[in-house]
Amino acid sequence: MASSVNGLVNILESYRGRDKVVRTLCYGSQLAGGVLCQKASGRSELGKSLLVFSAQLSQCRTVLRLFDDLSMYAYSRDYGLGAKDEDSALRCMSVLNNLADQLYYPCEHLAWAADAKVISTQSGKWWTLSTALWGISLLLGIMRSLRAIVLFKRKLKQRERDSEAPNGMENRQQLCSEVFSILSSMADFANAVNWMPPGFLWAGKFPDWLVGLLGTTSSLIGLYQMCAGGSGGSV
(Lines give C-alpha, C1' and ligand atoms only; values in the text may rest on other atoms or scores of the structure.)
Protein backbone atom coordinates (compact mmCIF):
# COMPACT_ATOMS: atom_id res chain seq x y z
CA MET A 1 0.00 0.00 0.00
CA ALA A 2 2.76 2.42 1.00
CA SER A 3 4.73 1.64 -2.16
CA SER A 4 1.64 2.31 -4.32
CA VAL A 5 1.08 5.67 -2.63
CA ASN A 6 4.75 6.57 -3.06
CA GLY A 7 4.56 5.59 -6.72
CA LEU A 8 1.52 7.80 -7.26
CA VAL A 9 3.23 10.70 -5.46
CA ASN A 10 6.28 10.31 -7.69
CA ILE A 11 4.09 10.41 -10.77
CA LEU A 12 2.21 13.51 -9.57
CA GLU A 13 5.44 15.34 -8.73
CA SER A 14 6.52 15.35 -12.38
CA TYR A 15 4.77 17.55 -14.94
CA ARG A 16 4.32 14.74 -17.49
CA GLY A 17 3.10 12.34 -14.83
CA ARG A 18 0.60 14.82 -13.41
CA ASP A 19 -0.65 15.64 -16.92
CA LYS A 20 -1.30 11.96 -17.63
CA VAL A 21 -3.22 11.55 -14.37
CA VAL A 22 -5.29 14.67 -15.07
CA ARG A 23 -5.89 13.45 -18.63
CA THR A 24 -7.13 10.09 -17.33
CA LEU A 25 -9.46 11.80 -14.85
CA CYS A 26 -10.68 14.15 -17.57
CA TYR A 27 -11.67 11.43 -20.00
CA GLY A 28 -12.82 9.08 -17.24
CA SER A 29 -15.20 11.78 -15.99
CA GLN A 30 -16.46 12.34 -19.52
CA LEU A 31 -17.05 8.60 -19.94
CA ALA A 32 -18.97 8.30 -16.66
CA GLY A 33 -20.88 11.53 -17.22
CA GLY A 34 -21.78 10.57 -20.78
CA VAL A 35 -23.08 7.16 -19.72
CA LEU A 36 -25.18 8.64 -16.90
CA CYS A 37 -26.64 11.37 -19.12
CA GLN A 38 -27.49 8.92 -21.89
CA LYS A 39 -29.21 6.53 -19.48
CA ALA A 40 -31.24 9.37 -17.96
CA SER A 41 -31.90 11.05 -21.32
CA GLY A 42 -29.78 14.03 -20.31
CA ARG A 43 -31.51 14.60 -16.96
CA SER A 44 -28.78 13.19 -14.69
CA GLU A 45 -27.43 15.98 -12.50
CA LEU A 46 -24.42 13.85 -11.53
CA GLY A 47 -23.73 13.15 -15.19
CA LYS A 48 -23.87 16.86 -16.03
CA SER A 49 -21.55 17.66 -13.12
CA LEU A 50 -19.05 15.06 -14.29
CA LEU A 51 -19.10 16.53 -17.81
CA VAL A 52 -18.49 20.02 -16.39
CA PHE A 53 -15.64 18.64 -14.28
CA SER A 54 -14.18 16.98 -17.37
CA ALA A 55 -14.36 20.25 -19.33
CA GLN A 56 -12.59 22.14 -16.53
CA LEU A 57 -9.78 19.56 -16.42
CA SER A 58 -9.42 19.83 -20.19
CA GLN A 59 -9.17 23.62 -19.90
CA CYS A 60 -6.56 23.18 -17.17
CA ARG A 61 -4.41 21.04 -19.47
CA THR A 62 -4.78 23.58 -22.28
CA VAL A 63 -3.48 26.38 -20.04
CA LEU A 64 -0.56 24.27 -18.81
CA ARG A 65 0.43 23.53 -22.42
CA LEU A 66 1.14 27.23 -22.88
CA PHE A 67 4.58 26.43 -21.48
CA ASP A 68 5.33 23.35 -23.61
CA ASP A 69 6.77 25.10 -26.70
CA LEU A 70 10.34 25.34 -25.45
CA SER A 71 10.53 21.75 -24.25
CA MET A 72 9.16 20.60 -27.61
CA TYR A 73 11.69 22.78 -29.42
CA ALA A 74 14.53 21.38 -27.31
CA TYR A 75 13.42 17.83 -28.12
CA SER A 76 13.16 18.58 -31.87
CA ARG A 77 16.54 20.32 -31.85
CA ASP A 78 18.23 17.41 -30.08
CA TYR A 79 16.70 14.91 -32.49
CA GLY A 80 17.56 17.02 -35.54
CA LEU A 81 17.36 14.84 -38.63
CA GLY A 82 17.88 11.68 -36.61
CA ALA A 83 20.84 9.37 -36.22
CA LYS A 84 22.55 8.45 -39.49
CA ASP A 85 22.37 4.73 -38.69
CA GLU A 86 18.59 4.94 -38.16
CA ASP A 87 16.19 3.77 -40.85
CA SER A 88 15.59 6.63 -43.31
CA ALA A 89 11.79 6.18 -43.30
CA LEU A 90 11.71 6.29 -39.51
CA ARG A 91 13.87 9.42 -39.51
CA CYS A 92 11.62 11.15 -42.04
CA MET A 93 8.43 10.31 -40.13
CA SER A 94 10.00 11.37 -36.83
CA VAL A 95 11.09 14.73 -38.24
CA LEU A 96 7.62 15.37 -39.71
CA ASN A 97 6.05 14.25 -36.43
CA ASN A 98 8.20 16.71 -34.49
CA LEU A 99 7.30 19.48 -36.94
CA ALA A 100 3.56 18.81 -36.58
CA ASP A 101 3.88 18.77 -32.78
CA GLN A 102 5.88 22.00 -32.81
CA LEU A 103 3.30 23.81 -34.94
CA TYR A 104 0.43 22.43 -32.86
CA TYR A 105 1.29 24.41 -29.76
CA PRO A 106 1.18 27.99 -31.14
CA CYS A 107 -2.06 27.20 -32.97
CA GLU A 108 -3.65 25.95 -29.76
CA HIS A 109 -2.30 28.95 -27.85
CA LEU A 110 -3.93 31.34 -30.34
CA ALA A 111 -7.23 29.44 -30.11
CA TRP A 112 -7.13 29.60 -26.32
CA ALA A 113 -6.20 33.30 -26.34
CA ALA A 114 -9.09 34.06 -28.71
CA ASP A 115 -11.59 32.21 -26.47
CA ALA A 116 -10.20 34.01 -23.41
CA LYS A 117 -10.56 37.39 -25.20
CA VAL A 118 -6.83 37.99 -24.87
CA ILE A 119 -6.64 38.63 -28.62
CA SER A 120 -9.33 39.76 -31.02
CA THR A 121 -9.78 36.97 -33.55
CA GLN A 122 -12.00 34.00 -34.28
CA SER A 123 -10.87 30.91 -32.38
CA GLY A 124 -12.59 28.33 -34.59
CA LYS A 125 -10.01 28.28 -37.38
CA TRP A 126 -7.16 27.92 -34.88
CA TRP A 127 -8.88 25.06 -33.03
CA THR A 128 -9.44 23.33 -36.36
CA LEU A 129 -5.81 23.82 -37.41
CA SER A 130 -4.44 22.60 -34.06
CA THR A 131 -6.71 19.53 -34.15
CA ALA A 132 -5.63 18.79 -37.74
CA LEU A 133 -1.96 19.02 -36.73
CA TRP A 134 -2.63 16.69 -33.80
CA GLY A 135 -4.31 14.22 -36.14
CA ILE A 136 -1.37 14.38 -38.57
CA SER A 137 1.04 13.80 -35.68
CA LEU A 138 -0.98 10.77 -34.57
CA LEU A 139 -1.06 9.30 -38.08
CA LEU A 140 2.69 9.75 -38.41
CA GLY A 141 3.13 8.08 -35.01
CA ILE A 142 1.04 5.10 -36.14
CA MET A 143 3.02 4.79 -39.38
CA ARG A 144 6.28 5.07 -37.45
CA SER A 145 5.29 2.31 -35.02
CA LEU A 146 4.18 0.04 -37.88
CA ARG A 147 7.51 0.62 -39.61
CA ALA A 148 9.36 -0.07 -36.36
CA ILE A 149 7.50 -3.39 -35.99
CA VAL A 150 8.40 -4.41 -39.56
CA LEU A 151 12.08 -3.57 -38.95
CA PHE A 152 11.98 -5.34 -35.61
CA LYS A 153 10.65 -8.57 -37.13
CA ARG A 154 13.19 -8.30 -39.93
CA LYS A 155 15.96 -7.98 -37.35
CA LEU A 156 14.69 -11.06 -35.49
CA LYS A 157 14.74 -13.12 -38.68
CA GLN A 158 18.28 -11.94 -39.38
CA ARG A 159 19.36 -13.02 -35.89
CA GLU A 160 17.80 -16.43 -36.43
CA ARG A 161 19.70 -16.85 -39.70
CA ASP A 162 22.90 -15.81 -37.93
CA SER A 163 22.16 -18.35 -35.16
CA GLU A 164 22.06 -15.63 -32.51
CA ALA A 165 19.95 -16.22 -29.40
CA PRO A 166 17.39 -13.39 -29.16
CA ASN A 167 16.43 -11.90 -25.82
CA GLY A 168 12.82 -13.11 -25.52
CA MET A 169 11.75 -10.76 -22.71
CA GLU A 170 13.30 -7.68 -24.31
CA ASN A 171 11.78 -8.54 -27.69
CA ARG A 172 8.30 -8.91 -26.22
CA GLN A 173 8.62 -5.60 -24.37
CA GLN A 174 9.69 -3.73 -27.50
CA LEU A 175 6.93 -5.26 -29.58
CA CYS A 176 4.26 -4.61 -26.92
CA SER A 177 5.41 -0.99 -26.60
CA GLU A 178 4.89 -0.36 -30.32
CA VAL A 179 1.52 -2.17 -30.35
CA PHE A 180 0.31 -0.15 -27.36
CA SER A 181 1.48 3.06 -29.05
CA ILE A 182 -0.55 2.17 -32.15
CA LEU A 183 -3.69 1.42 -30.11
CA SER A 184 -3.31 4.65 -28.12
CA SER A 185 -2.79 6.76 -31.24
CA MET A 186 -5.72 5.13 -33.04
CA ALA A 187 -8.04 5.95 -30.12
CA ASP A 188 -6.81 9.55 -30.04
CA PHE A 189 -7.05 9.86 -33.83
CA ALA A 190 -10.70 8.79 -33.72
CA ASN A 191 -11.37 11.62 -31.26
CA ALA A 192 -9.30 14.09 -33.30
CA VAL A 193 -11.48 13.44 -36.36
CA ASN A 194 -14.60 13.77 -34.20
CA TRP A 195 -13.47 17.29 -33.20
CA MET A 196 -12.98 18.46 -36.79
CA PRO A 197 -15.67 20.62 -38.46
CA PRO A 198 -18.95 18.81 -39.29
CA GLY A 199 -18.92 17.00 -42.62
CA PHE A 200 -15.36 15.70 -42.30
CA LEU A 201 -15.57 11.90 -42.01
CA TRP A 202 -17.28 11.15 -38.64
CA ALA A 203 -16.75 14.63 -37.19
CA GLY A 204 -19.22 15.52 -34.44
CA LYS A 205 -20.91 12.11 -34.43
CA PHE A 206 -19.44 10.67 -31.24
CA PRO A 207 -21.49 10.89 -28.01
CA ASP A 208 -19.72 12.03 -24.86
CA TRP A 209 -19.36 8.51 -23.49
CA LEU A 210 -17.57 7.29 -26.64
CA VAL A 211 -15.15 10.24 -26.62
CA GLY A 212 -14.52 9.48 -22.95
CA LEU A 213 -14.03 5.76 -23.60
CA LEU A 214 -11.48 6.34 -26.36
CA GLY A 215 -9.65 9.00 -24.36
CA THR A 216 -9.61 6.87 -21.20
CA THR A 217 -8.22 3.92 -23.15
CA SER A 218 -5.45 6.08 -24.61
CA SER A 219 -4.71 7.68 -21.23
CA LEU A 220 -4.45 4.34 -19.39
CA ILE A 221 -2.07 3.06 -22.06
CA GLY A 222 0.01 6.22 -21.63
CA LEU A 223 0.12 5.75 -17.87
CA TYR A 224 1.13 2.12 -18.26
CA GLN A 225 3.88 2.99 -20.74
CA MET A 226 5.23 5.69 -18.46
CA CYS A 227 5.29 3.37 -15.46
CA ALA A 228 6.90 0.65 -17.57
CA GLY A 229 9.50 3.08 -18.90
CA GLY A 230 7.99 3.45 -22.36
CA SER A 231 6.77 6.51 -24.21
CA GLY A 232 3.23 7.76 -24.56
CA GLY A 233 2.79 11.39 -25.29
CA SER A 234 -0.82 12.22 -25.98
CA VAL A 235 -2.49 15.55 -26.16
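Procedures and definitions
- Residues numbered from 1 in each chain as written.
- Predicted model: local features only at pLDDT ≥ 70, side-chain atom pairs only at ≥ 80, totals over all residues.
- Heavy atoms only, no water.
- Salt bridge = Lys/Arg side-chain N within 4 Å of Asp/Glu carboxyl O.
- Helix = DSSP H or I, 4+ residues; strand = E, 2+ residues; numbered from the N terminus.
- Buried < 20%, exposed > 50% of the residue type's maximum accessible area, 1.4 Å probe, protein only.
- pLDDT = per-residue confidence, 0-100.
- Expected span 1.5 Å × (residues − 1).
- Arc of directions from axis to C-beta.
- Contact = heavy atoms within 4.5 Å.
- Phe/Tyr/Trp six-rings, centres within 6.5 Å; stacked < 30°, edge-to-face > 60°.
- Core = buried A, V, L, I, M, F, W, Y, C linked by side-chain atoms within 4.5 Å.
- Polar contact = N/O pair within 3.5 Å; in protein donor to acceptor, adjacent residues only side chain to side chain.

1. Concerning the pattern of salt bridges
Argument step 1. Inspection of the entire model under this criterion finds seven salt bridges.
Argument step 2. Note that arginine 65 is salt-bridged to glutamate 108, the shortest N-O span being 2.5 Å. Highlighted residues: arginine 65 in the loop between helix 3 (45–64) and helix 4 (69–79) and glutamate 108 in helix 5 (residues 88–115), separated in sequence by 43 residues. Note on accessibility: arginine 65 and glutamate 108 belong to one class, buried.
Argument step 3. Among the salt bridges present, the one from aspartate 87 reaches arginine 147, with a minimum N-O distance of 2.9 Å. Placement of aspartate 87 in the loop between helix 4 and helix 5 and of arginine 147 in helix 6 (residues 124–161) is noted, with a sequence separation of 60 residues between them.

2. Regarding the confidence of the model for the protein chain
Argument step 1. Within the protein chain, residue pLDDT values average 91, and 93% of them lie at 70 or more.
Argument step 2. When mean pLDDT is compared element by element in the protein chain, helix 3 scores highest at 97, while helix 1 (residues 2–13) scores lowest at 77.

3. Some words on helix 3
Argument step 1. Helix length check: helix 3, at 20 residues, gives a terminal C-alpha distance of 29 Å against a target of 28 Å (1.5 Å per residue), a fit within 8%.
Argument step 2. Along helix 3, the residues classified as buried are Gly47, Ser54, Leu57, Arg61 and Thr62. With its buried residues spanning 145° around the axis, helix 3 presents them on a single face. Turned more than 90 degrees away from the buried face of helix 3, the exposed residues are Glu45 and Gln56.
Argument step 3. Where the residues of helix 3 are buried, they touch helix 2 (15–39), helix 5 and helix 6.

4. So, the packing of aromatic side chains
Argument step 1. As enumerated under the stated definition, the model contains four aromatic pairs in all.
Argument step 2. Centroid distance tyrosine 104 to tyrosine 105: 5.4 Å. Interplanar angle 75°. Geometry classified as edge-to-face. The residues tyrosine 104 and tyrosine 105 share a single accessibility class, namely buried.

5. A few points about the nonpolar core
Argument step 1. Counting eight residues, the largest nonpolar core is built from Met72, Tyr104, Tyr105, Cys107, Leu133, Trp134, Leu138 and Ala192.
Argument step 2. At the level of elements, helix 5 and helix 6 are the ones that each hand at least two residues to this core.
Argument step 3. Excluding residues within four positions of it along the chain, tyrosine 105 makes contact with Arg65, Asp68, Asp69 and Met72.

6. What about the side chain of serine 181?
Argument step 1. Of note, serine 181 is situated in helix 7 (residues 168–194).
Argument step 2. Within the local environment of serine 181, its side chain forms a polar contact with the side chain of glutamine 225, the two groups lying 3.1 Å apart.

7. Things to note about helix 5
Argument step 1. The terminal C-alpha atoms of helix 5 lie 41 Å apart, and with 28 residues this matches the ideal 40 Å at 1.5 Å per residue to within 8%.
Argument step 2. At the N-terminal end of helix 5, a side-chain oxygen is found 3.2 Å from the backbone nitrogen of alanine 89, two or three residues along, and the residue is aspartate 87.

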